Amino acid sequence: MPTVDLTTADFEKTVTAEGITLVDFWAEWCGPCRQFAPVYEQASETHPDVTFGKVDTEAEQAIASAANIRSIPTLMAFRDGVLVFAQPGALPAPALEQVITAVKDLDMDDVRKQLAEQQAQQGAAEA
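Read on for a plain summary of the structure. It should be emphasised that the depicted structure is a prediction, and the values quoted were computed from it without experimental measurement.

### Description of the pattern of salt bridges
For step 1, the next point in the chain: As enumerated under the stated definition, the model contains three salt bridges in all.
For step 2, the next point in the chain: Two residues, Arg112 and Asp109, come together in a salt bridge whose shortest N-O distance is 3.6 Å. You can see Arg112 and its partner Asp109 sitting in helix α5 (residues 108-126), three residues apart, about one turn around the helix.
For step 3, the next point in the chain: For Arg112, a relative accessible area of 38% gives the class partly exposed.

### Description of α5
For step 1, the next point in the chain: Its 19 residues give α5 an end-to-end C-alpha distance of 27 Å, which sits within 8% of 27 Å, the value for a rise of 1.5 Å per residue.
For step 2, the next point in the chain: With a side-chain oxygen lying 3.1 Å from the backbone nitrogen of Asp109, the N-terminal cap of α5 falls on Asp107.

### As for the layout of surface pockets
For step 1, the next point in the chain: Estimated volume of the largest pocket: approximately 230 Å³.
For step 2, the next point in the chain: Together, Thr8, Phe11, Glu12, Val15, Ala62, Ile63, Ala66, Ala67, Met76, Phe78 and Leu83 line the largest pocket.
For step 3, the next point in the chain: Grouping the amino acids of the lining of the largest pocket by side-chain chemistry returns nine nonpolar, one polar and one charged.

Calculation criteria
- Residues numbered from 1 in each chain as written.
- Predicted model: local features only at pLDDT ≥ 70, side-chain atom pairs only at ≥ 80, totals over all residues.
- Heavy atoms only, no water.
- Salt bridge = Lys/Arg side-chain N within 4 Å of Asp/Glu carboxyl O.
- Helix = DSSP H or I, 4+ residues; strand = E, 2+ residues; numbered from the N terminus.
- Buried < 20%, exposed > 50% of the residue type's maximum accessible area, 1.4 Å probe, protein only.
- Expected span 1.5 Å × (residues − 1).
- Polar contact = N/O pair within 3.5 Å; in protein donor to acceptor, adjacent residues only side chain to side chain.
- 1 Å grid on protein atoms, 1.4 Å probe; cavity = no way out; pocket = protein on both sides within 12 Å on 5 of 7 lines; lining within 4 Å.
- Points joined across faces, edges and corners; volume = space filled by probe spheres on them.
- Nonpolar A, V, L, I, M, F, W, Y, C, P; charged D, E, K, R; others polar.

If you want it as structure tokens, here you go:
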């Protein structure tokens, strides 16, 4: 499955959808981004069950700002609408495969339980 260019119009709908979505934040002028692009494209062909999105941080500055992108490339992984991974830096192919496998293997019931506990603790701390 080829990568999808994400814009303000479809970013939220894409990352909150069921399943796994990876998002590569990049820019044309970024050397490491250009090095990572073929690795990311290859993974998109190897994993047709995963949505691979790209956000051009120059064209989509509002998304980059909302996502708190400070360094590019940055890879984010969402599963069932939950951000489960975020890391700056170009990953080599084996590391990207490890991330994809780890995201596929997550127990999302456990992830949601942990998120609920964190939110409850934050709410108690603010009260």
